[in-house]
Every structure is written in C-alpha cells, then in structure tokens.
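Here's the letter readout for the chains.
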Amino acid sequence: MSRVFAIASNTFRESIRDKILLSLAVLGFLLIAASKVFVPISIGQQAKVIKDFGVGLIEIFSLLIVVLIGTRILYQEIERKTIYSIISKPVTELDFVLGKFLGLYYLIIVIQLILFSIFILFMKFYLGTIDWFLLNALYFYLFEFLLLDAVAVFLSCFTTPITAGILTLLVFFVGQLSHYLKDLVVVTGVSELSVLVNFLYFALPNFSVFNVKANVVYHLPISVNSYFLAFSYSILYTLILLIISSLLYSLKEYQ
Amino acid sequence: MSNLWQEDCRGLEMKVIEIKNLVKIYASPFMRKKSIGLNGLNMEVEEGEIFGLLGPNGAGKTTALKIITHLLKPSGGSVTLFGGVGSLEARKRMGFLPENPTFYRHLTGMELLQFYSRLYGKNPTRKELEEKLKVVGLKDSQDRRISGYSKGMLQRIGLIQTLIGDPDLLVLDEPLSGLDPVGRREMKDLIRKVNMEGKTVLFSSHILSDVEAICNRVGIIVDGKMKKVGHIGEILKSEIRYIDIEFEGMEEIDWLNEYGDLKKEGKVIYLRTKDTEKKDKVLKEISRRGGRIISVVPQRQSLEEHFIRTLNE
C-alpha cells in the first residue's frame, strides 16, 4: 500500500500546486462575497438561504474539482510522459489507478472541510448560531464524491479530459434524476424509450441516494437506511469502477 | 542473495536479459495500417556488462527498451529477465531512464527522489538522498523545482532516479543525447562507475564514439532485427583497414610503390598499405635493405564506419 499512498500524496501535492485550484479558490471567494448580496434581499428567509447556499456551494465546488482536475490527473501522466518512470518501477496498474483516485479524494475531502469551516464561520457571523445538523450533508457528500471521483477516473481511462469532463457532468446530473427516469416513460407514453431508460437507470450511478439537501436545510429526519445506503452503494460502485479502470490500464501501452 | 549463493554463482555468466524472436507490431484499432517496430529481435545481455544498442532512428531500439521495462507489450516472441522472474519482481531489480526524460514539474529534486524511493517501499533519510544528488552535482539544486531544471540536470536526476531502488540492471534510452561535452563525460563516468559497482547496463545511443568508449559489447539493430552483436574489440579488430609503417635509413624506395602509398618527409618515410597480409614480407625486406623501422600502426575502422557499413549490407 505504500506505493498507492506515495502516488496519492504526489497527486494531492500536484493538484494543490495546480493553477486550476487557485482559480477555483478565487471563484469560491467571489461566490462567498456574492452571497452577501443575496442575504439582505431575502428578508425572513436569511437562515434558509444561507444554509441552502452553503450546502450547494460545497457540492458545486467538489463537482468542479472532479470535472476540472479529476479528469486530467491520469491523462497528464501519459501526455507528459511522467508515467514512464512510474510503470517501469514495481508499480501495478491497480496501484497507479488507486493512487491517483485517492490523491484526488484527499483533495476533495480537504476542500470540503475548508469550505465547511468557512461556511460555519459565515453562519456564526450572519445568524449568530451554528446549525450542526448540516454536518449530515458533509457525510453524504463524502460518499457522493467518492463515487464521482471513481466515475471520473474510469472515464478518463479511455477519453480525453474534455470528453471525460463532459461525460462526468452528464453522469452526475442524470444520476441525480435517475429516480425520475422511470416516470419519464409513463409520463411521455413513449414505450420505445423504456430500453434506453432502463439501461440508464441500472448502468448509471444513482446520485439521488446522496441527496439530502432539503432534509438538512429544513431539518427533516434522515433515516438510518439512507446513511447505510449512501455508504454501501458508494463503496461498492467505486470498487467496481476502480477494478475495471485498472484492468483497462493494464491493457494500455506507452509509446 | 546469500553469500553461499553468490559463491555458487561465481564464474557463471547469468543472462540478465534474454530476448527471443521479439516482434512488435503497432496497429491502430481504427486503421488498417500497421507498422512493424520489431521484426524478430534476438538479443542477450549478460550480468555485469555494459551493452550498447545501436541503430538508426526508427530501427526499434526504444521499442525494445520499452518492452523490457513493461511500457509496451510484445506482439510475439519472448523477453526473459533475470532468468525468468515475474514482471513486478523484474521491475524491482531494474532502473529505467527514458529518452528525453520528463519528471513531475511541481516537485523539487529532493521531493522527486523521496517519491520514487517510496515506490520501492523505501524511506531514505534526506541526508542519504543528498549524497546521491551530490554524486551528480545536484546537491545545490535539490530544493529547486524540476520545472527549473536544464536538460542536463534532468538527465542527471534521471540517472539517479534509476538507482534509487539499488537495481541490478539499468536500462538507459539515449542517456547522452542533448548533453554538452562536459555533461556527456560526466554521464559516461557515472555509467562506468555504476557498472564497476556490479550493475549491468543496457543503453541505446546514436553517439557512436560514446558507445565505443564505454561499452563491452554492442548490438546493431536495423529494421527491427539484430544485424550484428559482439565485443567492440572483436568487431573492430577484424576490420583492419590499412597499416601505417614508418621507417628511415633508406634511399631506394620505389620498389615499395606496389604495396601502397608512399610519402617522404626528410629522412622519414611513410608507407600506408592495405595489403595487410604482406605486412611481414614488407617489414622483412625493409630491414634487409638497411631500413630502420620506427613504428607499425594498424589502422582499424572506427565503430561509426563499421556501423554505416552494417546498415548498407
């Protein structure tokens, strides 16, 4: 495992020193600053708007990191030929894929924790109190982005970063709505869609199992099953994707 | 390896690399066009030697090295490393320097070596790594990012990273290309040094004088096949082009015209003869006629001439 962690920490360090992350940090700062504009216009709804905004911001940021950085981390190794000095050492394809995956995941966790800390300070400043129930959102995000990280790594095994980025976004948004997909056939009455819809429903990860935003903002109860489902679904799906990714990588050649 | 085992193996020439009928075909999945990288390559590298792989551009040198180092998959034939160990075990015992190496630009020289050490499951101290960097003159640049390294510095840190796992075999792809004369000399000294420490070295190059200077054996690849293999001395010894005979003390020399080109500078006479078989007869006759032989120098063909001739065969 030391090889996996070595690759993971190198990936994390590379991402931290990446200009894209710096751009994202600037964007985050601007968004937080922009929230000052929204808060005064929503009189009486301040608490809800701030919570909604904060929880949404962490999700968007994590999504941007996966799409902009996650889809490039494998491709860059090949494009810059740095992979030559990795694969020629005693490193298996699984070590490599797992290391890159975990490195990105470290980054997501760190960014989420930083954003959440800023969010807490923001709440304390504007609302005078901290709503710790929002920590539930963080729990679900950890598993949601574990899975999305694996999706990005899997897609970037056989596509360019731009294609992988677009596909990752699509998988994420379709996955958020996948429980509506089956209704689509009934509502539209187009039975020809059912094959496609069924395929999408079963093949694409169902990200709606991680969606508890409304629950955490409005303090609606979250069942124990939801916690368990988010954990087990994410871990299982991620493992499958990583195993397939490492198999795909073992077929690769580096000319 | 235990001492007893080392004792048993003494005197045996183990083949570190054994390549049999290696074929590599590059084929695009979407195109019918195929190109042949290697076309039945046979090659052996023995323990402790410096083996130089020569060949024109596109001959298959890099392809062969990349198959050995697990970066490419062979289309046919076999590659046996260290007597037949698995790929992962072989890579533990091997260090690879790619052609025009690129490393993580965000890391410093020191961080790069720390990272590669961890890939071998090692965790050397900063001082130990400083010693390695000192050997290649990069100690002062150890905390500079790789993005600021020159070509020569990249080659040098590239060579050090091949040694990080204390390998038995170094595979170096064009390690001398792009270096200035001083850099080339330093690199050659380093290759010789690690070889003296017992490491086998396989390297490709197109700088023939360098190959000639440091290799024990060379192999010439042309069109994906090994055209010629041998010890440098043997290859060149068998290829004496002419003999220069220098002598003095003779006035009548016209009779020597039939043996080669004659030149007289003061009292000294030079004869360049291609008729190497008659060398003894000529020397005997010069002595008989009162001449005094100053020197007899066989002029061998250079590796470059030999290389070009092999390509044209």
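To start, this report covers the structure provided alongside it. Sequence order as written defines the numbering, with residues in each chain counted from 1. Labels are handed out in written order, letters beginning with A for the chains and numbers beginning with 1 for the ligands. Local features are withheld for residues below a pLDDT of 70 in this predicted model, meaning they are given only at 70 or higher, and side-chain atom pairs are given and counted only at 80 or more; totals for whole chains, interfaces and linings count all residues. Computation of side-chain values: all heavy atoms of the structure, hydrogens and water removed.

**Focus on the packing of helix 6 (residues 93–127) of chain A against helix 7 (residues 135–155) of chain A**
Residues and elements named next belong to chain A. Interaxial distance between helix 6 and helix 7 falls to 10 Å at its minimum, and their mutual angle equals 150°. Classified by the interaxial angle, the pair formed by helix 6 and helix 7 is roughly antiparallel. Helix-helix and strand crossings are classified by hand; for helix 6 and helix 7 the assignment is right-handed. Between helix 6 and helix 7, the contacting residues are Val97, Phe101, Leu104, Tyr105, Ile108, Ile109, Gln112, Leu113 and Phe116 on the first element and Leu135, Leu138, Tyr141, Leu142, Phe143, Phe145, Leu146, Asp149, Ala150 and Val153 on the second. Three categories are distinguished: nonpolar for Ala, Val, Leu, Ile, Met, Phe, Trp, Tyr, Cys and Pro, charged for Asp, Glu, Lys and Arg, and polar for the others, with Gly belonging to the last. Its residues assigned to classes, the contact of helix 6 with helix 7 shows 17 nonpolar, 1 polar and 1 charged. As a rule, the C-alpha atoms of each element are fitted with a line to give its axis, helices using only the stretch in contact, and angles between N-to-C directions run from 0 to 180 degrees. Under the DSSP-based scheme used, a helix requires at least four consecutive residues in state H or I and a strand at least two consecutive residues in state E, with every element numbered from the N terminus. Roughly parallel means an angle under 35 degrees; roughly antiparallel means over 145; roughly perpendicular covers 65 to 115; every other angle is labelled oblique. If you view the pair so one helix is near and one far, a crossing is left-handed when the near helix is turned anticlockwise from the far one by less than a right angle, and right-handed when it is turned clockwise. The contact criterion used is simple: two residues touch if any of their non-hydrogen atoms lie within 4.5 Å.

**With respect to the sheet that holds strand 8 (residues 217–222) of chain B**
Residue and element names in this part refer to chain B. By this definition, two strands are paired if DSSP reports at least two bridges between them. Taken together, 6 strands build an open sheet; the order of strands is 5-6-7-3-8-9 and the sheet is mixed. A single partner strand is all that each edge strand has here, and the edge strands are strand 5 (94–97) and strand 9 (225–231). Ignoring which end each strand starts from, the neighbouring axes of this sheet average 15° apart. Where helix 2 (residues 61–68) meets the sheet, it contacts strand 3 (50–54), strand 5, strand 6 (169–173), strand 7 (200–204) and strand 8, and its direction lies at approximately 145° from that of strand 6.

**Observations regarding the environment of Tyr104(B)**
Examined against the element boundaries, Tyr104(B) turns out to sit in the loop between strand 5 and helix 4 (109–119). Accessible area is worked out with a 1.4 Å probe on protein chains only. A residue is then buried under 20% of its type maximum, exposed over 50%, and partly exposed in between. Judged by its relative accessible area of 2%, Tyr104(B) falls in the buried class. In this structure, the C-alpha to C-alpha distance between Tyr104(B) and Arg145(B), residues 41 residues apart in sequence, is 8.8 Å. With near-sequence residues (within four places) excluded, Tyr104(B) lies in contact with Asn10(A), Glu14(A), Glu77(A), Thr82(A), Ile86(A), Leu112(B), Phe115(B), Tyr116(B) and Ile146(B).

**A closer look at unusual backbone geometry**
Residue and element names in this part refer to chain B. The backbone of His70 shows a phi angle near 75°, a positive value even though the residue is not glycine. If you trace the backbone, His70 turns up in the loop between helix 2 and strand 4 (76–81). The phi dihedral of Asn100 is positive, around 45°, even though this residue is not glycine. Given the relative accessible area of 43%, Asn100 is considered partly exposed.

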